[in-house]
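The primary structure of each chain is shown beneath.
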Amino acid sequence: MDGIASRSAGGVAVARDFGAAMARMQVEDLFRIANSGEADGFEPEAMAAARAELALRNIAESDRHRIEAEVAVDQAERAGRASEPLSNRAWILSLLLGPFVILSTPVLVALIALGVAGYRRKLWEFYMAAIWGLIVYLILGWSALFLFH
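Residues numbered from 1 in each chain as written. Predicted model: local features only at pLDDT ≥ 70, side-chain atom pairs only at ≥ 80, totals over all residues. Heavy atoms only, no water.

This brings us to the nonpolar core. In globular proteins that are soluble, nonpolar side chains generally tend to be buried together. Of all hydrophobic cores here, the largest spans 17 residues; its most connected members are Met22, Val27, Leu30, Phe31, Ile33, Ala50 and Leu54. At the level of elements, helix H1 (12-23), helix H2 (27-34), helix H3 (44-57) and helix H4 (61-82) are the ones that each hand at least two residues to this core. Once residues within four sequence positions are removed from consideration, Phe31 is found in contact with Leu54, Ile59, Arg64, Ile67, Glu68 and Val71. If you look at the next biggest cluster of nonpolar residues, it comprises 6 residues, including Ile102, Leu111, Leu123 and Phe126. (Core = buried A, V, L, I, M, F, W, Y, C linked by side-chain atoms within 4.5 Å. Buried < 20%, exposed > 50% of the residue type's maximum accessible area, 1.4 Å probe, protein only. Helix = DSSP H or I, 4+ residues; strand = E, 2+ residues; numbered from the N terminus. Contact = heavy atoms within 4.5 Å.)

The contact between helix H5 (residues 88-101) and helix H7 (residues 120-147) brings their axes to 7 Å, and the two run at 60 degrees. Our pair here, H5 against H7, has a crossing hand that is right-handed. Facing H5, whose interface residues are Trp91, Ser94, Leu95, Leu96, Gly98, Pro99 and Phe100, H7 presents Glu125, Phe126, Ala129, Ala130, Trp132, Gly133, Leu134 and Tyr137. Of the residues contributing to the contact of H5 with H7, the split by class is 11 nonpolar, 3 polar and 1 charged. (Axes fitted to C-alpha atoms, helices over the stretch in contact; angles between N-to-C directions. Left-handed = near helix turned anticlockwise from the far one by under 90°. Nonpolar A, V, L, I, M, F, W, Y, C, P; charged D, E, K, R; others polar.)

Before going further, it helps to examine unusual backbone geometry. Located in the positive-phi region is Asn58, a residue other than glycine, with phi close to 50 degrees. Take Asn58: it is sitting in the loop between H3 and H4. Take Asn58: its relative accessible area is 68%, and that puts it in the exposed class.

The subject of this paragraph is the side chain of Glu125. Along the chain, the position of Glu125 falls in helix H7. Accessibility expressed as a relative area gives 16% for Glu125, which makes it buried. Within the structure, Glu125 has its side chain in polar contact with the side chain of Arg121 (distance 2.8 Å). (Polar contact = N/O pair within 3.5 Å; in protein donor to acceptor, adjacent residues only side chain to side chain.)

One pass over the structure, following the stated rule, counts 6 salt bridges. Salt-bridge contacts for Arg32 lead to Asp29; the nearest nitrogen and oxygen are separated by 3.1 Å. Highlighted residues: Arg32 and Asp29, both in helix H2, separated by 3 residues, approximately one helical turn. Residue classification places Arg32 among the partly exposed positions, given a relative accessible area of 27%. For Asp29, a relative accessible area of 29% translates into the label partly exposed. Note that Arg66 and Glu70 form a salt bridge whose closest N and O atoms lie 3.1 Å from each other. Of the two residues, Arg66 and Glu70 both sit in helix H4, 4 residues apart, roughly one turn of that helix. (Salt bridge = Lys/Arg side-chain N within 4 Å of Asp/Glu carboxyl O.)

Turning our attention to the confidence of the model for the protein. Of all residues in the protein, 86% have pLDDT values of 70 or greater, and the mean over the chain is 79. Mean pLDDT across the elements of the protein bottoms out in H1 (67) and peaks in H7 (90). Note on residues 1-15: pLDDT under 50 across the span, and 20 contacts to partners over four residues away in sequence or across chains. (pLDDT = per-residue confidence, 0-100.)

Shown next, in the form of structure tokens:
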């Protein structure tokens, strides 16, 4: 979605950037943006540009209803993912291994993908477990240093 989040002085270039970006998008993505809110990360100008592009494309009513239903289902699934907790097994693994792997590139890519997929609670719980794991390892290391010194 290049150009969607760009800003310029005066605001006129923003509308053109949104319009150009929307013209390259698929219909399903336009419906997602048009029916979303600022909480989803879209600016009002982007939503308006998506609605304008949809009007220009003159989509058949039957297709419009089908796509709107698909987008509604997708948005409902995404909303459910946002509050889905980390499983107990994943929490324990995050606690034990999180401090060691959190800075590795594959794990960071996986965490970014988790956040992009809408699993905000899982991502937050992973980070919290990794931080608690780091604290536990620091306490154990500090205790071992004083016990065996």
